[in-house]
Amino acid sequence: MTTRTTEIWVGIFVAAGLASLFMLAMKVSNLSAFSGDEGYTIYARFEDASGLKVRSPVTMGGVRIGRVTDIRFDPQQLVAMVTMRIEKQYDTLPVDSSASIYTAGLLGEKYIGLEPGAGGGCEDADLEAELEAELGGGGPADAGAGEDAGDCQSGYLKEGSVIKLTQDSLVLEKLIGQFVSQFLTSKEEGGGDAAPQGGAQ
Amino acid sequence: MILATLQHLGQRGMQVFERLGRASILLSRILGGIHTLVPRFSLFIHQIHSVGVLSLVIIVVSGVFVGMVLGLQGYNTLVDFGAEESLGVVVSLSLVRELGPVVSALLFAGRAGSALTAEIGLMKATEQLSAMEMMAVDPVHRVLAPRFFAGLFSMPLLAAIFSAVGVLGGFFVGVGLLGVDDGAYWSQMQAKVDFYDDIMNGVIKSIAFGWVVTWIAVFEGYDAVPTSEGVSRATTRTVVYSSLAVLGLDFILTALMFGD
């Protein structure tokens, strides 16, 4: 075989290898969907973040808008501190959005669902502040209102924002435990006569 | 009797260390000869052709079939749980993380490694290597280095081709024959497979395997007893040792990469 054909074949081989790598990167992995640093970081505190993992999806309205990048224990408040990276194009999430940990399917993986708050927009925050001022809440409430109005410069979640309203993940054992204890107490109350009988037998 | 057995065992043990030492010295000489690759670049290209391009057919064909089998088996298991949408994840993760690098390295050892050993061993048996030394050409730089680096360069490309073709084979069976949803196959895959954690680790694995397989092949050829029987034994050893090394190394690398 001449050198030229060999070289052409090697060229085809290298091109095929690189094309495969490119296909793996773009078509198979998440590189195309979510490229690294483009985005902003928000935080949320959960009392129970069990089952949640780094790289779990963060969704709003069922659409993935980001990923969990870090989960650590906050030793001051004794809760789990979850760091999320939201993609850059979703920069209009209201500040009063709430975060909940859900399970995909019955046994599926855990993910964070964000829900937009009732107001969130600038006018609403202003309105709220006005309302609170009219109602004449106590000193601390006034301070809170002022803070809200300050936040209102951008009524959206931004780099470093903390989501205040959170709902923990449902742990199956806890649920079952609750159910069982409720069941037992109701049985004791309802079957007050039956229990001694059972004891007598 | 016992003394003779002990003596024999000791001798064998010393031989193992001796061979390991010779192999390491040879590796350092090859790595030291990397600068000689530039003036002999066409040799390197020729070796990529014989090591990589000629392995392409077996890699592509087995990649397609491995992907198709994964599609079938994965579907049969997942459909019981109503989770056949996850077929893409099953196929792509098993290919990218494990089967792509490992199976292509095993095929590479059988197809290219044995050929390398036989070629170099025959060169030694016919005293071509000694002739080169007589002409003040270092056979390690002239013969071994291009082959070693060609193997090192080809292996990750072959593994990537194997994985990509396998994913397409799984797609063909899963979506084409068994009726898994087209969009779910790709979107679930993209949601679960991470570029750095999964694909780059697979590439790192295949580079390590290429390193080990070509090192063993080149050393066994260079170290072969220069007779026809010696060359045949060296070729067998190449396939056996490099397959075992690939599987053992795979366990270590997997434990390091995905262990946590």
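Just so we're clear, the structure is a prediction, and the values are computed from it rather than from any experiment.

Draft legend 1. Molecular detail of unusual backbone geometry. With a phi angle near 55 degrees, Leu-78 of chain A is a residue other than glycine that sits in the positive phi range. Within the secondary structure, Leu-78 of chain A sits in the loop between β3 (63-74) and β4 (79-87). Phi at Glu-127 of chain B is positive, roughly 65 degrees, even though this residue is not glycine. Relative to the assigned elements, Glu-127 of chain B resides in the loop between α4 (87-125) and α5 (128-134).

Draft legend 2. Representation of the confidence of the model for chain B. Residues and elements named next belong to chain B. Averaged over every residue, the pLDDT of chain B is 90; the share at 70 or more is 100%. When the elements of chain B are averaged for pLDDT, helix α7 (residues 182-192) gives the smallest value, 81, and helix α3 (residues 56-78) the largest, 93. Model confidence for the complex is summarised by a pTM of 0.72, with the ipTM given as 0.82.

Draft legend 3. Region of interest: the sheet that holds strand β1 (residues 39-46) of chain A. Residues and elements named next belong to chain A. Here eight strands make up an open sheet; going across it, the order is β7-β1-β4-β3-β2-β6-β5-β8 and the pairing mixed. Among the strands making up the open sheet, the edge pair consists of β7 (161-163) and β8 (165-167). Strand after strand, the sheet turns through a mean of 30 degrees between neighbouring axes, direction not considered. Strand direction decides the pairing type here: strand β2 (residues 57-60) and strand β6 (residues 110-115), joined by three bridges, are parallel. Bridge assignment links Met-60 to a residue of β6, and that residue is Leu-114.

Draft legend 4. Summary view of the environment of Met-81 of chain A. Residue and element names in this part refer to chain A. Positionally, Met-81 belongs in strand β4. Given the relative accessible area of 15%, Met-81 is considered buried. Residues Met-81 and Val-162, spaced 81 residues apart in sequence, show a C-alpha to C-alpha distance of 9.9 Å. Apart from residues lying up to four places away in sequence, Met-81 is in contact with Tyr-43, Ala-44, Arg-45, Asp-70, Ile-71, Arg-72 and Asp-74.

Draft legend 5. View of a nonpolar patch on the surface. On the surface, Leu-170, Leu-172, Leu-175, Ile-176, Phe-179, Val-180, Phe-183 and Leu-184 of chain A cluster together into a nonpolar patch covering about 810 Å² of accessible area. Here Leu-184 of chain A shows up in helix α4 (residues 172-190).

Conventions used here
Residues numbered from 1 in each chain as written. Chains lettered and ligands numbered in written order. Predicted model: local features only at pLDDT ≥ 70, side-chain atom pairs only at ≥ 80, totals over all residues. Heavy atoms only, no water. Helix = DSSP H or I, 4+ residues; strand = E, 2+ residues; numbered from the N terminus. pLDDT = per-residue confidence, 0-100. Pairing = 2+ DSSP bridges. Axes fitted to C-alpha atoms, helices over the stretch in contact; angles between N-to-C directions. Buried < 20%, exposed > 50% of the residue type's maximum accessible area, 1.4 Å probe, protein only. Contact = heavy atoms within 4.5 Å. Patch = residues over 30% accessible without salt bridge, like charges linked within 9 Å, V, L, I, M, F, W, Y side chains within 5 Å. Areas by Shrake-Rupley, 256 points an atom, 1.4 Å probe, with all protein chains shown as cover. Salt bridge = Lys/Arg side-chain N within 4 Å of Asp/Glu carboxyl O.

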